[in-house]
Amino acid sequence: MSLIRTSCLGGTLTPFLYPALLLESAVPSSRRLLFARRLRSSSQRCTYSTAEYASSQDEAPTPDYEHLNPTPDNYSLTPFADRCILTVEAGSGGHGCVSFVREKYIEEGPPNGGDGGSGGNIYIQAVRGETSLHKLARRRLMKAGRGRNGQGKMRGGERGADVLITVPVGTIVREIQRRDAVEDAIQAQEDARWYGNKPAPEEEEEGMPEGEERGVYRKDQWLVFPGTIPSELNRITFPKLPPPRRSHLASLQPQAPMWLDLDKHMETPLLLAAGAMGGLGNPHFVTANMSRPKMATRGHEGMKISLQLELKILADLGLVGLPNAGKSTLLRALSNSRARIGNWAFTTLQPNVGTVVLDNHKGRPTVFKRGRDGEVKENFTIADVPGLIEDAHLDKGLGLGFLRHVERAAVLAFVIDLSAGDAVAALKLLWREVSEYEALREKELNADTERRMVTYKPASRRSAQEQAQAQAQAELDQPNFDHSIDALPLLTSTTISSKPWLVVATKADLPDTQQNYADLQRYLQDVKMGVQPHPSSRKHAWKRNLQSVPVSAIRAEGVEVVPQLVMDLLEE
Ligand SMILES: Nc1nc2c(ncn2[C@@H]2O[C@H](COP(=O)(O)OP(=O)(O)OP(=O)(O)O)[C@@H](O)[C@H]2O)c(=O)[nH]1
Ligand SMILES: [Mg+2]
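Source: prediction; values computed, not measured. What you see as residue numbers is a count from 1 along each chain, following the sequence as written. Following the order in which they are written, the chains are lettered starting with A and the ligands numbered starting with 1. Given that this is a predicted model, residues contribute local features only at a pLDDT of at least 70 and side-chain atom pairs are listed and counted only at 80 or more, while totals for whole chains, interfaces and linings are drawn from all residues. Think of the side-chain values as coming from all heavy atoms in the structure, minus any hydrogens and water.

A. Local environment of the site of ligand 1. With respect to spatial proximity, 23 residues lie near ligand 1, and among them Ser328, Thr329, Phe346, Thr347 and Thr348 are the closest. Between ligand 1 and Asn324, the relevant distance is 3.0 Å, taken from an oxygen atom to a main-chain nitrogen or oxygen of the residue. N or O atoms within 3.5 Å of each other form a polar contact, as long as, within protein, one can give a hydrogen and the other can take it, and as long as residues adjacent in sequence are counted only when both atoms are side-chain atoms. In this structure, Thr347 approaches ligand 1 through a main-chain N or O atom, which is 2.7 Å from an oxygen atom. Protein chains shield 93% of the accessible area of ligand 1, which is 650 Å² for the free molecule. Being near a molecule or strand, for a residue, comes down to having at least one heavy atom within 4 Å of it. Shrake-Rupley sampling with a 1.4 Å probe provides the accessible areas, and residues are treated as covered by the protein chains on show and by no other component.

Written out as structure tokens, the structure is:
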């Protein structure tokens, strides 16, 4: 058995591409060999038997890398969305019950209607392993269960079912608008305190019908005994409505308007909206004058909140490269992704996020690093995004949409095709587009901040016409329910040029690429030492620990060092 293992390792210890060049790179060689051994041994299975071993002793087994050079139709498309608008609706409360004790020899029993159950709550939880918001984008509305109605014999209604929304770590949740029936009811009762049973001035303007009951006198909030005949109905005098009630859980809700930055894995869910309380059964309305009340209240309506969800961090590593550079092949070589590969530009049209598992399931991770939360990192994610072309910052090709994804990776890997001409020129072109986009974003952010700044003007100095205009504008700005997200300020993130980056030079297996790589390495060394300006020409651009690796993704050679490099940069 040990013989077989030795032979397998013999196969895995194929020297790296351009070994002489790589020796200069900053990864210590002892470490490099260690990753090579661990990664290869986990991905490459030694499936042949002892008998086969004898025959294959001279000839090392050729590993099966068919999945790295698949036919164009051999792929699986993973749906992806990095932002969405979602409306969440907490459960409404069940209605109270009107019922009376019915027993032998008790002709007119006392009331025994139960209270309605409270509605289900809405929770949110950021969890590791999720990479996209597409499931929520498709749902659009998440509704918790309604509480069941109360029943006779003092039986309370059952609570509504809760809803848990799971989102990827790095999601920002922002409130667009909310409708809270309890808040409205409190307001209406407040109005009724001031205006009695008469309509409030705004209601009068809205043209509410004369004689309609309001506030504590609203009749539509009551339920009456089913056996009540219509003539009796008119004679019933309803007591004042009890004050609107909120669930005690409501105090745990984040303050409105909500702005949550879920940038850590959450062990327990967070309450977004508590379910509404159920109505009260008829025993609550017993008074000295009315021993058998024939009414109960309806449950409150659940709170409805329209939210915008956006991924602030798309992945730990973002692959930036020209079309056809080999980004998807690199992703396949590093992870279990089945991204589409084709020998033409724009094979990838939307980001593919793959996960690189660092644990080889033998009790020892291939790369040992602790995350910000102090836990050993078991994996990291890579986003393979569509190719970038010249003038992408002017929205050419898949332009701005693509650059938005680049902004959301913690570390960037510039994927350069060594067989496609001058690698340094390709790197400079990519950086030019990225830094143009950065400048564009800065301008956009400044404009947004300016738009939100309000100039103070004392109210008395404003003319009536100005006031009317301001009010009309405010009405226009007020977004309709679950429609506009213009009211939200733009999200900010770390500028692209200050993110740590590395260069992955691919297709190093092709002939005549060695010189190209040597030139690229020299250029990067110059940038690092400050001899050459940073390719982004930005002042505080990151260049502290600049590195490059030559790889042949199609043969999975040289890619072993990438996880360690990325993990080191993630710590920066
Ligand atoms: N010889 C060689 N060919 C490679 C290597 N990596 C990728 N290729 C080939 O290059 C072509 C493009 O690869 P992709 O991975 O689809 O490139 P991409 O950068 O994802 O392309 P877009 O999605 O269009 O931006 C395919 O035919 C791959 O087989 C490599 O390391 N060596
Ligand atoms: Mg691709």
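B. Region of the structure containing the coordination of the magnesium ion (ligand 2). Protein ligation of the magnesium ion (ligand 2) involves Ser328 (OG) and Thr348 (OG1), the donor distances falling in the range 1.9 to 2.1 Å. Of this pair, Ser328 sits in helix α9 (residues 327-334) while Thr348 sits in the loop between α9 and β12 (352-357), and the two are 20 residues apart along the sequence. Shown as donors are all N, O and S atoms within 2.8 Å of a metal ion, widened to 3.2 Å for Na, K and Ca; because water is not in the atom set, sites may appear incomplete. The way it works is that DSSP assigns letters per residue, a run of H or I at least four long becomes a helix, a run of E at least two long becomes a strand, and they are numbered from the N terminus.

C. Local environment of the sheet that holds strand β5 (residues 171-179). Whether two strands pair comes down to DSSP finding at least two bridges between them. Pairing is mixed across the open sheet formed by five strands, whose spatial order is β3-β1-β10-β5-β7. Looking at which strands have only one partner, the edges of the open sheet turn out to be β3 (141-143) and β7 (259-262). Geometrically, the sheet is characterised by an average inter-axis angle of 25° between neighbouring strands, direction not taken into account. Here seven bridges tie strand β1 (residues 83-89) to strand β10 (residues 304-311), and the two strands are oriented antiparallel to one another. Residue Leu86 lies in a different strand from β10, and its bridge partner there is Leu307. Axis lines are fitted to C-alpha atoms, over the contacting stretch for helices. Their N-to-C directions set the angle, which ranges from 0 to 180 degrees.

D. Seen up close, the nonpolar core. Counting 61 residues, the largest nonpolar core has Leu427 and Trp501 as the members making the most contacts within it. Here this core takes eight residues from helix α11 (residues 423-452), the largest share from any one element. Contact between two residues is taken to exist if any of their heavy atoms lie within 4.5 Å; hydrogens are not considered. Look past the residues within four positions of Trp501 in its chain and what remains in contact with it is Leu412, Phe414, Leu427, Trp431, Leu524, His534, Pro535, Trp542, Leu546 and Leu569. The term nonpolar core refers to a set of buried residues drawn from Ala, Val, Leu, Ile, Met, Phe, Trp, Tyr and Cys, joined through side-chain atoms within 4.5 Å. Exposure classes here rest on a 1.4 Å probe applied to the protein chains alone. A residue is buried below 20% of its type maximum, exposed above 50%, and partly exposed in between. If you look at the next biggest cluster of nonpolar residues, it comprises 31 residues, including Leu133, Leu136, Leu262 and Met266.

E. Representation of helix α13 (residues 514-529) within the structure. In a regular helix each residue adds 1.5 Å, so 16 residues correspond to 22 Å; α13 covers 23 Å between its end C-alpha atoms and thus fits that length. Inspection of α13 places Asn516, Tyr517, Ala518, Leu520, Gln521, Tyr523, Leu524 and Val527 among the buried residues, and these make up the whole buried set. Just beyond α13, the residue with positive phi is Gly530, at close to 85°. Helix span, as expected, comes to 1.5 Å for every residue beyond the first.

F. Structural context of the pairing of β1. Of all seven residues in β1, five are buried; the element is thus mostly enclosed. As defined by bridge partners, β1 adjoins β3 across three bridges and the pair is classed as parallel. When the bridges of β3 are listed, Thr87 appears paired with Leu141.

G. Fine view of the pattern of salt bridges. Salt-bridge detection follows one rule: a side-chain nitrogen of Lys or Arg within 4 Å of a carboxyl oxygen of Asp or Glu. All chains considered together, the criterion is met by 15 salt bridges. The partner of Arg441 in a salt bridge is Glu407, and the shortest N-O contact between them spans 3.0 Å. One end of the pair, Arg441, is in helix α11; the other, Glu407, is in helix α10 (residues 399-407), with 34 residues separating them in the sequence. A salt bridge links Arg555 to Glu557; the nearest nitrogen and oxygen atoms lie 3.3 Å apart.

H. Summary view of the environment of Lys312. Looking at the element boundaries, Lys312 is found in the loop between β10 and β11 (315-321). Along the primary structure Lys312 and Gly170 are separated by 142 residues, whereas in three dimensions their C-alpha atoms are 5.3 Å apart. What Lys312 contacts, discounting residues up to four positions off in sequence, is Gly170, Ile172, Asp261, Asp263 and Arg408. Looking at Lys312, its side chain comes within polar contact range of the side chain of Asp261, at 3.1 Å.

I. Representation of the packing of aromatic side chains in the model. Centres within 6.5 Å make a pair out of two Phe, Tyr or Trp rings, where for Trp the six-membered ring is used; the pair is then stacked when the planes are under 30 degrees apart, edge-to-face when over 60, and tilted otherwise. Counted under the stated rule, the structure contains six aromatic pairs. With a centroid separation of 5.4 Å and 75° between ring planes, the pair formed by Phe414 and Trp501 is classed as edge-to-face. Taken together, the positions of Phe414 in strand β14 (residues 409-417) and Trp501 in strand β15 (residues 501-506) put the pair 87 residues apart, joining distant regions of the chain. Taking relative accessible area as the criterion, Phe414 reaches 0% and is therefore assigned buried. These aromatic residues form a ring-pair network of at least three members: Trp222, Phe238 and Phe285. Sitting over the ring of Phe100, Arg292 keeps its end group 4.2 Å from the ring centre. The rule is short: NZ of Lys or CZ of Arg within 6 Å of the ring centre and within 35 degrees of the ring normal puts a charge over the ring.

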